Amino acid sequence: MKSITIFLFYLFIGLATLLKTPAFAQDTLQKKGITKESTIKDSTDFSNRNIESYNEAYFVLERQNEIFNPREITVNRSTPQATLENFILSARNDDYLQAAKSFNFNLLPSSTTKEQVAILAQKLYTVINQNLNIDWDKIPDRPDGQLDIAFQTNNALVGEPRRSIAFGRLKINDRTIDLRLQRVKYRNESPFWLISSNTVDNIDALYSKYGTRQISKNLPDWAVDETFLNIAIWKYLATIIALIFSIILGWLTMFILKRVFGQSSIVWISSTSFRLALPASLFVGTLLFYVLLNNFISFNGDFANSFYKLLLILAVIFGTWFFMRFADAFLSFIAKNSTEDIYTEKSLKERRILTHLSVGRRIVTSIVVLIGASIILSQFEAFKNLGISLFASAGVATIIVGIAAQSTLGNIIAGIQIAVTKPAQVGDIVIFSGQWGQVEDIGFVFMVVKTWDKRRIVIPLKSVISESFENWSMRGAGQIRSIDIYTDYRIDVEKVRKKYKILAEASDKWDKAKQPTVQVVESTEKAIKLRALCSAKDPFTAWDLQCELREQLIAYICELENGVGLSRLRIQTDKQ
């Protein structure tokens, strides 16, 4: 069994590689005699018009290509549904000549034979059988083509005769081809319905793209003829092989990224490859399975169409995840290796780079998500029509969305303002609502501040713009700190000033930017207030220097003249 599976696997891959064209196989018909060449050479004379005059209820023909003798046409063509049923049922019973009696031959040359139109009928049935699901509820069974009022929600069409009805749509490159039924009238005959002449004229082109491919002809007869649930056996086998091959290729992608690129001497490659391994493997495997299933096997039916869309949506999701991971990993690597210590005295450039990278990473992520969402929504016809409606009512939609998402939109606009005006950047030391910390990240709608005790404060960006806060790093990292001490009036301030200068100059944390000074800044009925100033290269060093000098200065004041400088509470009593 293992050897058979391997043989089938390599057989399928080999055939798919050689063909390089989609493999649309038949479900119920033998079509090994049909070729890709045009059934009828294009020699139509267009000098005579096909349609003589306009009528709302039908097309009036001035001529009719009578390949069949009128006496031979005994099929019911009085309604759209009857004409299409004759074609489908006759072709299903291999009576393609009978099926061709539902065609309008007016764009075919007069030399066309019955054998040629039978081949055209066979080709069109193959295309329909493999690629379309006819919604019979939308094919009227009335001669005038009107829709029943009870089943029609589009009131504009109710009660109006129709002379052209689409029952399918396919694309060839960028060209959309509608398969249509048309109501025609020739001379004194009663109007009748036919598969339109344009549809008949496009059969060869449609079959060239959507018809049976060479791969099904090379398979054994039992694989093509035998079916299960109306699906050929070979399609089940090919699907299993395609799934196995997709899993193997996905695993191989993960192995290469982790084991090969992960061991690379180039730092950014080795650091990003591990993060990309899982989304890349899922993306490659899902995309390959979709391509093989859609282009080389071709199931039909509502379930198949939904499954194809699901696979494509998964491929887009995994692809979006991959590109988001790649952008995030690459920009994070640049941020980590292109910037030095953001808390040094000359770290303004590094903080600015980090802020730009943070904003850029989110812009790239948003663009990737937007593209992925657009691709996914484009797979649904309802969303295409919805898009047109939204454009038509853009004013109302804008107002509704603006009111409903006022807070979110306000934060996004505030984020743009912050990116331009830069009141705060990544790495800045800020005091916001009494909380002291470092700006760790700036997102689209909030800013994250990391406090000194490793807590995180999440601040909406609107608050950053509308409320005041302190930024200790906006123009530089250096900082001046003050030490306030209350002492007694009898303290010798000059001795304290000299001692403080000695203590500050002896510390390796002092940056010499500000000379150490001591001043009397306040006096009360009980004590005086001394303020000593010190400076350091960054807020963290300034905090440590402040605490260090405060301890040393308090110790000196306690020892100075046996503590005469310590503040006292004096109480005077009258002697009796």
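Remember, predicted model here, so these are calculated numbers, not experimental data.

1. Details of the confidence of the model for the chain
Part 1 of the reasoning: When pLDDT is averaged across the chain, the result is 76; 72% of the residues are at 70 or more.
Part 2 of the reasoning: Across the chain, strand S5 (residues 192-195) holds the top mean pLDDT of 92, while helix H1 (residues 2-19) sits lowest at 45.
Part 3 of the reasoning: Low pLDDT (under 50) marks residues 43-53, which in the prediction has 22 contacts with non-local residues, meaning those over four places away or in another chain.
Part 4 of the reasoning: Under a pLDDT of 50 for its full length, residues 390-394 has, in the predicted model, zero contacts with residues more than four places off or in other chains.

2. Quick notes on the sheet that holds strand S8 (residues 429-432)
Note: strands within a sheet are paired through backbone hydrogen bonds, in either parallel or antiparallel orientation.
Part 1 of the reasoning: Taking strand neighbours across the sheet as the criterion, the five strands line up as S11-S10-S9-S8-S12 in an open arrangement whose pairing is antiparallel. In this open sheet, the two edge strands, each paired with only one partner strand, are strand S11 (456-460) and strand S12 (470-471).
Part 2 of the reasoning: With five bridges connecting them, strand S9 (residues 435-442) and strand S10 (residues 446-451) associate as antiparallel partners. Along S10, the bridge assignment pairs Gly437 with Thr451.

3. Description of helix H2 (residues 80-92)
Count 3.6 residues to each turn of an α-helix, and residues three or four apart come out pointing the same way.
Part 1 of the reasoning: The end-to-end C-alpha separation of H2 is 18 Å, in line with the 18 Å expected for 13 residues at 1.5 Å each.
Part 2 of the reasoning: Within H2, 10 of the 13 residues are buried, which leaves the element mostly enclosed by the surrounding structure.
Part 3 of the reasoning: Of all the positions in H2, only Pro80, Gln81, Ala82, Thr83, Leu84, Asn86, Phe87, Ile88, Ser90 and Ala91 are classed as buried.
Part 4 of the reasoning: Looking at the buried positions of H2, the neighbouring elements they touch are helix H3 (96-99), helix H4 (114-131), strand S3 (164-172), strand S4 (175-186) and S5.
Part 5 of the reasoning: Following H2 by one or two positions, Asp94 has its phi on the positive side, about 65 degrees.

4. Topic: the nonpolar core
Part 1 of the reasoning: Phe87, Phe103, Phe105, Ile128, Phe167 and Leu206 are the most contacted members of the largest nonpolar core, which has 37 residues in total.
Part 2 of the reasoning: The element best represented in this core is H4, accounting for eight residues.
Part 3 of the reasoning: Every residue in contact with Ile128, bar those within four places of it in the chain, is listed here: Phe87, Ile88, Ile134, Phe167 and Leu179.

5. What to know about the packing of aromatic side chains
How two aromatic rings sit relative to each other is set out by the distance from centre to centre and by the angle between their planes.
Part 1 of the reasoning: For the structure shown, the criterion picks out eight aromatic pairs.
Part 2 of the reasoning: Ring geometry for Phe68 and Phe105: centres 6.0 Å apart, planes at 45 degrees, overall tilted. Of this pair, Phe68 sits in the loop between strand S2 (59-61) and H2 while Phe105 is found in the loop between H3 and H4, placing the two residues 37 residues apart along the sequence.
Part 3 of the reasoning: A residue is classified by how much of its surface remains accessible, and Phe68, at 5% relative accessible area, is buried.
Part 4 of the reasoning: With centroids separated by 6.0 Å and ring planes inclined at 55 degrees, the aromatic side chains of Trp436 and Trp472 adopt a geometry described as tilted.

6. Observations concerning the pattern of salt bridges
Part 1 of the reasoning: On inspection of all chains with the given rule, the structure shows 13 salt bridges.
Part 2 of the reasoning: Its salt-bridge partner being Asp204, residue Lys123 comes within 2.9 Å of it at the nearest N-O pair. Here the residue Lys123 occupies a position in helix H4, and Asp204 occupies one in helix H6 (residues 203-210), the gap between them amounting to 81 residues. Like Asp204, Lys123 is buried.
Part 3 of the reasoning: Here Glu548 makes a salt bridge to Lys509, at a shortest N to O gap of 3.2 Å. Of this pair, Glu548 sits in helix H18 (residues 539-559) while Lys509 is found in the loop between helix H17 (493-506) and strand S14 (517-523), placing the two residues 39 residues apart along the sequence.
Part 4 of the reasoning: A residue is classified by how much of its surface remains accessible, and Glu548, at 22% relative accessible area, is partly exposed.
Part 5 of the reasoning: In this structure Lys509 comes out as partly exposed when scored by relative accessible area, which is 27%.

7. Examining the packing of H4 against H6
Working note: a packed helix pair is described by the angle between its axes plus the distance between those axes.
Part 1 of the reasoning: Between H4 and H6, the least distance of the axes is 9 Å, while the angle of their chain directions is 45 degrees. Taken together, the axes of H4 and H6 are oblique relative to one another. In this structure, H4 crosses over H6, and the sense of that crossing is left-handed. Between H4 and H6, the residues in contact are Leu120, Lys123, Leu124, Thr126, Val127, Gln130 and Asn131 and Ile203, Asp204, Leu206, Tyr207 and Tyr210, respectively.
Part 2 of the reasoning: For the contact of H4 with H6, a count of residues per class yields seven nonpolar, three polar and two charged.

8. Quick notes on a nonpolar patch on the surface
Part 1 of the reasoning: Together, Trp251, Leu252, Phe255, Ile256, Val260 and Phe261 line one region of the surface with nonpolar side chains, adding up to about 540 Å² of accessible area.
Part 2 of the reasoning: Along the chain, the position of Phe261 falls in the loop between helix H9 (233-260) and helix H10 (267-297).

9. Section: the pairing of S5
Part 1 of the reasoning: Here S5 shows no split at all, with Phe192 and Leu194 on one side and Trp193 and Ile195 on the other all buried.
Part 2 of the reasoning: Of the pairings in the sheet, the one linking S4 to S5 comprises four bridges and is antiparallel in character. Of the residues in S5, the one forming a bridge with Val184 is Phe192.
Part 3 of the reasoning: Counted along the chain from S4 to the antiparallel partner S5, the turn is five residues long, and its residue Arg187 has a positive phi close to 55 degrees.

10. Some points on the state of the cysteines
When the sulfur atoms of two cysteines share a covalent bond, that bond is a disulfide.
Part 1 of the reasoning: If you walk through the whole model with that rule in mind, you get zero disulfides.
Part 2 of the reasoning: With no disulfide partner, Cys534 has as its closest neighbouring cysteine sulfur the one in Cys547, 9.4 Å distant.
Part 3 of the reasoning: Judged by relative accessible area, which is 1%, Cys534 ranks as buried.

Parameters at a glance
Residues numbered from 1 in each chain as written. Predicted model: local features only at pLDDT ≥ 70, side-chain atom pairs only at ≥ 80, totals over all residues. Heavy atoms only, no water. pLDDT = per-residue confidence, 0-100. Helix = DSSP H or I, 4+ residues; strand = E, 2+ residues; numbered from the N terminus. Contact = heavy atoms within 4.5 Å. Pairing = 2+ DSSP bridges. Expected span 1.5 Å × (residues − 1). Buried < 20%, exposed > 50% of the residue type's maximum accessible area, 1.4 Å probe, protein only. Core = buried A, V, L, I, M, F, W, Y, C linked by side-chain atoms within 4.5 Å. Phe/Tyr/Trp six-rings, centres within 6.5 Å; stacked < 30°, edge-to-face > 60°. Salt bridge = Lys/Arg side-chain N within 4 Å of Asp/Glu carboxyl O. Axes fitted to C-alpha atoms, helices over the stretch in contact; angles between N-to-C directions. Parallel < 35°, antiparallel > 145°, perpendicular 65-115°, else oblique. Left-handed = near helix turned anticlockwise from the far one by under 90°. Nonpolar A, V, L, I, M, F, W, Y, C, P; charged D, E, K, R; others polar. Patch = residues over 30% accessible without salt bridge, like charges linked within 9 Å, V, L, I, M, F, W, Y side chains within 5 Å. Areas by Shrake-Rupley, 256 points an atom, 1.4 Å probe, with all protein chains shown as cover. Disulfide = S-S within 2.5 Å.

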